[in-house]
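Okay, here's what each chain looks like letter by letter:
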Amino acid sequence: MKNTIEEFKNKKIKIGSLEVSPPTFLAPIADISDSVFRQIVKEFGGIGVVFSEMISADALTRGCKKTSFMLNFDFSEKPLFFQIVGKEPLRMAMAARMLEDLGADGIDINMGCPSKNVTKSGGGSALLMDLKKAEEIIRKVRKVLSIPLTIKIRAGWNENNLVYKEIGKIAENEGVDAVFFHGRTKKQMYSGNVNYEWIADLKSRLKIPVIGNGDIVGRESLLKMLETKCDGVMIARAAIKKPWIFKELLDNEKVEIEKLIEIIEKQFKRIMKIYPENLAKHKMKLFLSWYSRSLPKGKSIRLQLNDAKTSKEVLNVFENYRNSLLDK
Ligand SMILES: Cc1cc2nc3c(=O)[nH]c(=O)nc-3n(C[C@H](O)[C@H](O)[C@H](O)COP(=O)(O)O)c2cc1C
């Protein structure tokens, strides 16, 4: 185990012109992977590239205010990939170009999001049902970019409609630089287990890097993913519960719970400073609910969060919890 992980830690891969080492990726996570969170993950180390949350190409190119908050970043986060979502090839290209001009190190196209909000308008995993459209989007986006372009996919809409081989080939032929593969179908959402065979199969068919994604929570699941021979790994949910997950996986270093308390404190202060009240409250509730899963007696936090109506009240829930820990 130790040797394989040590080897992985020192591995270098190329995504287009970008060298990535270690080949570890913080996933795009809606409402979570913002600049504040990316900096926290980055500070712990063990991370190759961080991704933004998905950004609607439509909203970005129409100048939507909420989207502008998603564009913040600090140079310490680099290399940083922005992920775009949508279904109109020209708008996707325009959005990609805007993000390259803003300073992105890479652009990722979301072809896997299963949420109804996204698929009903033809984006995310709906593109797995319309490979012609997916191809057109990739072609148009590739044409306007000089930085690396990647796609993030699921295996298909459902078990009877597996298209990962087809979309993988299209991507490779159209000049995509890597495929991020969450080994589930759209229909599965997050149920069942990630399918390692699909990931190994895609890896064996493509020359461009295939990054495995799904269910990595510790060194054992990391090793299982590496058995697919994937070129790198991407993590979402485990990183929200433990922002130090990459460091823990690679160096087998545990982080004390006090550290998480310290992080939350800093993070919430920054969130309250940067975001308008409604967005700040929403984010703080979301984060505290995820973090509570790593905290002792975390359920009590989640119960109290239901009644918190402002960001200040969410902060109070956190501070009361922290004080109760210190009293012991
Ligand atoms: C709350 C939440 C938000 C997500 N948002 C996005 C997103 O914006 N774009 C995307 O491609 N995937 C998104 N995903 C999917 C993750 O990036 C990832 O593919 C999936 O959670 C599987 O990885 P994991 O097992 O490490 O969590 C989201 C997942 C979760 C749980």
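Residues numbered from 1 in each chain as written. Predicted model: local features only at pLDDT ≥ 70, side-chain atom pairs only at ≥ 80, totals over all residues. Heavy atoms only, no water.

Asks: I'd like a description of the overall build of the protein chain, backed by residues and values.
Replies: When its secondary structure is counted, the protein chain shows 16 helices and 10 strands. Against the globule reference of 20 Å for 328 residues, the protein chain gives a C-alpha radius of gyration of 19 Å, in line with a compact fold. If you line up the protein chain on its principal axes, its C-alpha atoms span 60 × 50 × 40 Å. Counting contacts in the protein chain only where the partners sit at least 6 residues apart, residues at least 24 apart contribute 68% of the total. Of the roughly 14,800 Å² of accessible surface on the protein chain, 50% is carried by carbon and sulfur atoms. Charge-centre separation for the protein chain: the mean point of 56 positive side chains lies 3 Å from the mean point of 41 negative side chains. (Helix = DSSP H or I, 4+ residues; strand = E, 2+ residues; numbered from the N terminus. Rg over C-alpha atoms; globule rule 2.2 N^0.38 Å. Contact = heavy atoms within 4.5 Å. Areas by Shrake-Rupley, 256 points an atom, 1.4 Å probe, with all protein chains shown as cover. Lys, Arg positive; Asp, Glu negative; His and termini not counted. Charge placed at Lys NZ, Arg CZ, Asp CG, Glu CD.)

Asks: Residue-level account of the site of the ligand, with values.
Replies: Gln83, Lys152, Asn213, Asp215 and Arg237 are the nearest of the 16 residues found near the ligand. At a separation of 2.8 Å, a nitrogen atom of the ligand approaches a polar backbone atom of Ala30. Asp215 has a polar backbone atom sitting 2.7 Å from an oxygen atom of the ligand. Here the ligand, which alone exposes 620 Å², has 89% of that area covered by the protein. Here the residues of the shell around the ligand are counted per class, giving 8 nonpolar, 5 polar and 3 charged. (Near = heavy atom within 4 Å. Polar contact = N/O pair within 3.5 Å; in protein donor to acceptor, adjacent residues only side chain to side chain. Nonpolar A, V, L, I, M, F, W, Y, C, P; charged D, E, K, R; others polar.)

Asks: Lay out the sheet that holds strand E6 (residues 106–111) with the relevant residues and their values.
Replies: What the 8 strands build is a closed barrel, ordered E3-E4-E5-E6-E7-E8-E9-E10; its pairing is parallel. With direction set aside, neighbouring strand axes in the sheet form an average angle of 25°. With 3 bridges joining them, strand E9 (residues 210–213) and strand E10 (residues 232–235) adopt parallel strand pairing. Bridging from a neighbouring strand, Asn213 pairs with Met234 of E10. (Pairing = 2+ DSSP bridges. Axes fitted to C-alpha atoms, helices over the stretch in contact; angles between N-to-C directions.)

Asks: Any details on the nonpolar core? Residues and values, ideally.
Replies: One finds Phe25, Ile107, Ile109, Ile151, Ile153 and Phe268 to be the most contacted residues of the largest nonpolar core, which totals 107 residues. Formed jointly, this core draws a minimum of three residues from each of two domains, domain 1 (2–251) and domain 2 (257–327). Beyond its immediate sequence surroundings of up to four residues, Ile109 is in contact with Ile84, Met92, Ile137, Ile138, Val141, Leu149, Thr150, Ile151 and Lys152. (Core = buried A, V, L, I, M, F, W, Y, C linked by side-chain atoms within 4.5 Å. Buried < 20%, exposed > 50% of the residue type's maximum accessible area, 1.4 Å probe, protein only. Domains from an automatic or database assignment.)

Asks: For the side chain of Asp31, give the residues involved together with the corresponding values.
Replies: Mapped onto the secondary structure, Asp31 falls in the loop between strand E3 (24–26) and helix H2 (35–44). With no salt bridge to any partner, buried Asp31 finds its closest opposite charge in Lys66, at an N-O distance of 4.2 Å. Excluding residues within four positions of it along the chain, Asp31 makes contact with Glu53, Lys66, His282, Lys283, Leu286 and Phe287. (Salt bridge = Lys/Arg side-chain N within 4 Å of Asp/Glu carboxyl O.)

Asks: Residue-level account of helix H7 (residues 131–144), with values.
Replies: With 14 residues, H7 extends 20 Å from end C-alpha to end C-alpha; this agrees with the ideal 20 Å at 1.5 Å per step. Restricting attention to buried positions, one finds in H7 the residues Ala134, Glu135, Ile137, Ile138, Val141 and Arg142. The arc that holds every buried residue of H7, seen down its axis, measures 160°, which confines them to one face. Across H7 from its buried face, at more than 90 degrees, point the exposed residues Lys132 and Lys143. Those residues of H7 that are buried are in contact with helix H5 (89–102), E6, strand E7 (149–153) and helix H8 (164–173). (Expected span 1.5 Å × (residues − 1). Arc of directions from axis to C-beta.)

Asks: If you had to explain the packing of aromatic side chains to someone new, which residues and values would you point to?
Replies: Overall, the coordinates contain 13 aromatic pairs when judged by the stated rule. Ring geometry for Phe73 versus Phe82: centroids 6.2 Å apart, planes at 75°, classification edge-to-face. In textbook terms, an aromatic cluster arises when at least three aromatic residues are bridged by ring pairs, as seen for Phe25, Phe51, Phe81 and Phe180. The ring of Tyr190 carries Arg154 above its face, with NZ or CZ at 5.1 Å from the centroid. Residue placement shows Arg293 over the ring face of Trp290; its charged tip is 5.3 Å from the ring centre. (Phe/Tyr/Trp six-rings, centres within 6.5 Å; stacked < 30°, edge-to-face > 60°. Lys NZ or Arg CZ within 6 Å of the ring centre and 35° of its normal.)

Asks: Any details on the UniProt feature "active site" (unreviewed entry) in the protein chain? Residues and values, ideally.
Replies: Mapped onto this structure's residue numbering, the UniProt feature "active site" (unreviewed entry) falls at Cys113. Within the secondary structure layout, Cys113 lies in the loop between E6 and helix H6 (116–119). Looking at Cys113, the relative accessible area reads 12%, which means it is buried. The residues contacting Cys113, other than those within four sequence positions of it, are Met54, Val118, Thr119, Gly124 and Ser125. (UniProt positions renumbered as here; feature names shortened; annotations may be inferred.)

Asks: Outline unusual backbone geometry, listing residues and values.
Replies: Residues Ser21 and Pro22 are joined by a peptide bond in cis, for which omega reads -5°. Mapped onto the fold, Pro22 is located in the loop between strand E2 (18–20) and E3. In this chain, Lys78 is followed by Pro79 through a cis amide linkage whose omega measures 0°. In this fold, Pro79 is placed in the loop between helix H4 (65–68) and strand E5 (80–85).

Asks: Provide a residue-level description of the confidence of the model for the protein chain, including the pertinent values.
Replies: On average, residues of the protein chain carry a pLDDT of 96, and 100% of them reach 70 or more. Of all the helices and strands in the protein chain, H4 carries the lowest mean pLDDT, 90, while strand E8 (residues 178–182) carries the highest, 99. (pLDDT = per-residue confidence, 0-100.)

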